[in-house]
Amino acid sequence: MALTREQMAQRVARELKDGYYVNLGIGIPTLVANYVPADMDVMLQSENGLLGMGEFPTEGQLDADMINAGKQTVTARRGASIFNSAESFAMIRGGHVDLTVLGAFEVDVEGNIASWMIPGKLVKGMGGAMDLVAGAENIIVTMTHASKDGESKLLPRCSLPLTGAGCIRKVLTDLAYLEIDNGAFILKETAPGVSVEEIIEKTAGKLIVADDVKEMTF
Amino acid sequence: MAGLDKRVATYEQALEGLTDDMTVLAGGFGLCGIPENLIAEIKRRGVTGLTVVSNNCGVDGFGLGVLLEDRQIRKMIASYVGENAEFERQLLSGELEVELTPQGTLAEKMRAGGAGIPAFYTATGYGTPVAEGKEVRQFNGRHYILEEAITGDFAIVKGWKADHYGNVVYRNTAQNFNPLAATAGRITVVEVEEIVEPGVLLPSEIHTPGIYVDRVIVGTFEKRIEKRTVKA
């Protein structure tokens, strides 16, 4: 069975470490916040200028001046700090964020990522995605393994305009967890009940099955 | 202190000198921390041909979106747009030019503009459409592109509190691009919720020192929420 969105978030959360500063993108990455282990202290960075994003507010706490990068109303947790956008991206570009999780349309064997522009469709912009992928050492891309039409999103070469070049090393799809190394996807983990053969079939880029490939458990 | 008293009484005075074809830097992220009354004054003045530099372009009927209604914006420099139907229409019809800029690069362009740095190298955008036509250089084996600073004829800024000297503090994440825009305007206008007596704001807590600010005005704000999310 392919992973649900919640399971994907749960799997990403296993990459968290106590004391991490983490930037979570919109969509599945946002859900990761729900699976931070209780014994860990993790500070969430929101690129509009908030380090220490908290829960959504109650009606009484609702504050138009307190939003996240997805423009949702949020709260600040204990120990949070707030700053301007240049400062926020200094943290990101300067490599101070320990883990970045974001979605994508395509990833390729060279670690290129395309996530912001589909030619012929209206382009709304890259927001902070280009800065995030350029600045972070440790990035996990979350996406479905194939498009709705069954086209692989793990490619020999991205077909869409890039968000960043050579910056992705880890990909979690609904079928597998893979790492990118030496011009290939390395299959490290399969979703429960998903065969290695199915993943090979749905991966267009060069794929190497790791010797110690294992099935995820939840 | 008259020479350093930045207060003006009317929005008309606040934007005196704003004319057609100027470049306006605007603070705000989405609808958070936007100078809503200064935007309304730009609309009232009817100036056209503007280049507007802002992270976003508001929504239909609010924020910078209202300047689209009378086609006052010729060119928009932003990181994320299209939350409004009119924007989309003008973009597709070619009436509006858009220069999409990565968010961190946009912030740094304003910061650099205000700090007298004409350009800077960044890894952001290397190998992407953003790098097209830009100088590339390697430092320590990594590729960087040269990005030029941005300055504006006017900067329009939303603060929380200011004093007569134009010292400004921002509230929560309504800070965002505001302090950066404030540094990079030839004329910087700040509208705030409250003007306090000099000495009330702690010197060590000022976000924007008054040296960057030319005019301060107090206004009332709707503070519309774009995505109202509350705990279940």
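As a convention, each chain's residues are numbered from 1 in the sequence order in which they are written. Labels are handed out in written order, letters beginning with A for the chains and numbers beginning with 1 for the ligands. Reporting in this predicted model follows two pLDDT cut-offs: at least 70 for local features of residues, and 80 or more for side-chain atom pairs to be given and counted; totals over whole chains, interfaces and linings ignore these cut-offs and use all residues. Side-chain measures here rest on the full set of heavy atoms in the structure, leaving out hydrogens and waters.

- The name an unreviewed UniProt entry gives chain B is 3-oxoadipate CoA-transferase, with Pseudomonas bharatica CSV86 as the organism.
- UniProt positions are given in the numbering used here, feature names are shortened, and annotations may be inferred rather than shown by experiment. UniProt, in the comment section headed Catalytic activity (unreviewed entry), describes chain B in these words: "3-oxoadipate + succinyl-CoA = 3-oxoadipyl-CoA + succinate".
- Looking at the Pathway (unreviewed entry) heading of the UniProt record, one finds this comment for chain B: "Aromatic compound metabolism; beta-ketoadipate pathway; acetyl-CoA and succinyl-CoA from 3-oxoadipate: step 1/2."

- Chain A appears in an unreviewed UniProt entry as 3-oxoadipate CoA-transferase from Pseudomonas bharatica CSV86.
- The UniProt entry for chain A carries the following text under Pathway (unreviewed entry): "Aromatic compound metabolism; beta-ketoadipate pathway; acetyl-CoA and succinyl-CoA from 3-oxoadipate: step 1/2."
- Under Catalytic activity (unreviewed entry), UniProt gives the following word-for-word description of chain A: "3-oxoadipate + succinyl-CoA = 3-oxoadipyl-CoA + succinate".

### Quick look at the overall build of chain A
Here's step 1: Secondary structure elements are taken from DSSP: a helix is a run of H or I of four residues or more, a strand is a run of E of two residues or more, and numbering for both begins at the N terminus. Assigned secondary structure in chain A consists of five helices and 13 strands.
Here's step 2: The reference for a compact globule is 2.2 Å times residues^0.38; the radius of gyration itself is calculated from the C-alpha atoms. What you see for chain A is a C-alpha radius of gyration of 17 Å, in line with the 17 Å of a compact globule of 218 residues.
Here's step 3: Its C-alpha atoms give chain A principal-axis dimensions of about 50 × 40 × 30 Å.
Here's step 4: Classification of residues uses two cut-offs on accessible area relative to the type maximum, computed with a 1.4 Å probe and protein chains only: under 20% is buried, over 50% is exposed, and between them is partly exposed. Looking at the 218 residues of chain A, the share that counts as buried comes to 56%.

### Examining the interface of chain A and chain B
Here's step 1: Contact definition: two residues touch when any of their heavy atoms are within 4.5 Å. Listed by partner, the interface residues are 45 residues for chain A and 49 residues for chain B.
Here's step 2: Defined in terms of a 1.4 Å probe, buried area is the accessible area two parts forfeit on being brought together, summed over both. In total, about 3900 Å² of surface goes out of reach between chain A and chain B, with carbon and sulfur atoms giving 60% of it.
Here's step 3: Contact with chain B buries area across many residues of chain A, yet Asp65(A), Lys71(A) and Lys124(A) alone supply 20% of it, more than any other trio.
Here's step 4: The salt bridge criterion pairs a side-chain nitrogen of Lys or Arg with a carboxyl oxygen of Asp or Glu, the two atoms within 4 Å. The shortest N-O distance in the salt bridge between Glu55(A) and Lys231(B) comes to 3.0 Å.
Here's step 5: Throughout this description, a polar contact denotes any pair of N or O atoms lying within 3.5 Å of each other; where both atoms belong to protein, one of them has to be capable of donating a hydrogen while the other can accept it, and for residues adjacent in sequence the pair is counted only when both atoms sit in side chains. Put simply, chain A and chain B have 27 residue pairs in polar contact (both at pLDDT 80 or more) between them.
Here's step 6: Sorting the residues of the side of chain A that touches chain B by element identifies α3 (85-93) and α4 (129-135) of chain A as the ones contributing at least two each.
Here's step 7: Element by element, the count of residues in the side of chain A that touches chain B is highest for α3(A), at four residues.
Here's step 8: Each residue receives one of three labels: charged for Asp, Glu, Lys and Arg, nonpolar for Ala, Val, Leu, Ile, Met, Phe, Trp, Tyr, Cys and Pro, and polar for the others, Gly being one of them. Split by residue class, the side of chain A that touches chain B holds 22 nonpolar, 14 polar and nine charged.

### Notes on the layout of surface pockets
Here's step 1: A cavity here means a set of points on a 1 Å grid, drawn over the protein atoms and nothing else, where a 1.4 Å probe fits but cannot get out; a pocket is an open set with protein on both sides within 12 Å along at least five of seven lines, and a residue lines either one if it has an atom within 4 Å of a point. Grid points are joined across faces, edges and corners, and a volume is the space filled by probe spheres set on the points. A volume near 410 Å³ is recorded for the second largest pocket.
Here's step 2: Considering the residues around the second largest pocket, the lining is formed by 19 residues, among which Ala134(A), Ala165(A), Gly166(A), Cys167(A) and Arg142(B) are closest to the centre.
Here's step 3: Put simply, the parts of the chain that give the lining of the second largest pocket at least two residues each are α4 of chain A together with β7 (142-148) of chain B.
Here's step 4: With four residues, α4(A) is the single largest residue contributor to the lining of the second largest pocket.
Here's step 5: Classifying every residue of the lining of the second largest pocket gives eight nonpolar, eight polar and three charged.

### Brief notes about the pairing of strand β3 (residues 73-78) of chain B
All names here are of chain B.
Here's step 1: Across the six residues that make up β3, a large majority, five, are buried.
Here's step 2: Paired strands, as defined in this entry, are two strands with at least two bridges between them according to DSSP. Both strand β2 (residues 50-53) and β3 contribute to a ladder of four bridges, which runs parallel. Bridged to valine 53 within β3 is isoleucine 77.
Here's step 3: Here, the term right-handed applies to a crossover whose path from the first strand over the helix to the second runs clockwise when the strands point away from the viewer. In the classification by handedness, the crossover that spans β3, the intervening helix α4 (residues 85-93) and the parallel strand β4 (residues 97-100) is right-handed.

### Let's talk about the packing of aromatic side chains
Residues and elements named next belong to chain B.
Here's step 1: Pairing of aromatic rings covers Phe, Tyr and Trp, the last counted by its six-membered ring, and requires centre-to-centre distances within 6.5 Å; plane angles under 30 degrees mean stacked, over 60 mean edge-to-face, and any other angle means tilted. Tallied over the full model, the rule gives two aromatic pairs over all chains.
Here's step 2: A centroid spacing of 5.2 Å and a plane angle of 65 degrees characterise the contact between tyrosine 121 and phenylalanine 139, whose relative ring orientation is edge-to-face. Taken together, the residues tyrosine 121 in strand β5 (residues 119-122) and phenylalanine 139 in strand β6 (residues 136-139) connect sequence positions 18 residues apart.
Here's step 3: Of the residues examined, tyrosine 121 reaches a relative accessible area of 27% and is grouped as partly exposed.
Here's step 4: Aromatic rings pair up to connect Tyr121, Phe139 and Tyr144 into one cluster.

### Some details on the pattern of salt bridges
Here's step 1: Under the definition given, this model contains 29 salt bridges over all chains.
Here's step 2: Residue Asp41(A) pairs with Arg77(A) through a salt bridge whose shortest N-O separation is 2.9 Å. Residue Asp41(A) is located in the loop between α2 (28-31) and β2 (43-46), and its partner Arg77(A) is located in strand β4 (residues 76-82); the two are separated by 36 residues in the primary sequence.
Here's step 3: Of the residues examined, Asp41(A) reaches a relative accessible area of 44% and is grouped as partly exposed.
Here's step 4: The partner of Glu86(B) in a salt bridge is Arg89(B), and the shortest N-O contact between them spans 3.0 Å.

### Quick look at the pairing of strand β10 (residues 170-173) of chain A
Residues and elements named next belong to chain A.
Here's step 1: With burial as the criterion, each face of β10 is covered, one bearing Lys170 and Leu172 and the other bearing Val171 and Thr173.
Here's step 2: As judged from the four bridges shared by strand β8 (residues 139-143) and β10, these two strands associate in the parallel manner. Note that in β10 the partner of isoleucine 140 across the bridge is lysine 170.
Here's step 3: In this structure, β10 lies alongside strand β11 (residues 176-181), joined through three bridges in antiparallel fashion. Directly across from lysine 170, in β11, lies its bridge partner glutamate 179.

### Observations concerning the nonpolar core
For soluble globular proteins, the rule of thumb is that nonpolar side chains tend to be buried together.
Here's step 1: Among the buried residues, those of types Ala, Val, Leu, Ile, Met, Phe, Trp, Tyr and Cys that are joined through side-chain atoms within 4.5 Å form a nonpolar core. Membership of the largest hydrophobic core comes to 48 residues, with the highest contact counts inside it found for Val22(A), Val107(A), Val141(A), Ile168(A) and Leu172(A).
Here's step 2: The residues contacting Val107(A), other than those within four sequence positions of it, are Asn112(A), Val141(A), Met143(A), Lys153(A), Leu154(A), Leu155(A), Cys158(A), Ile168(A), Val171(A), Ile180(A) and Phe185(A).
Here's step 3: Core analysis: the next-biggest nonpolar cluster, separate from the first, contains 29 residues, Val66(B), Met76(B), Leu96(B) and Val189(B) among them.

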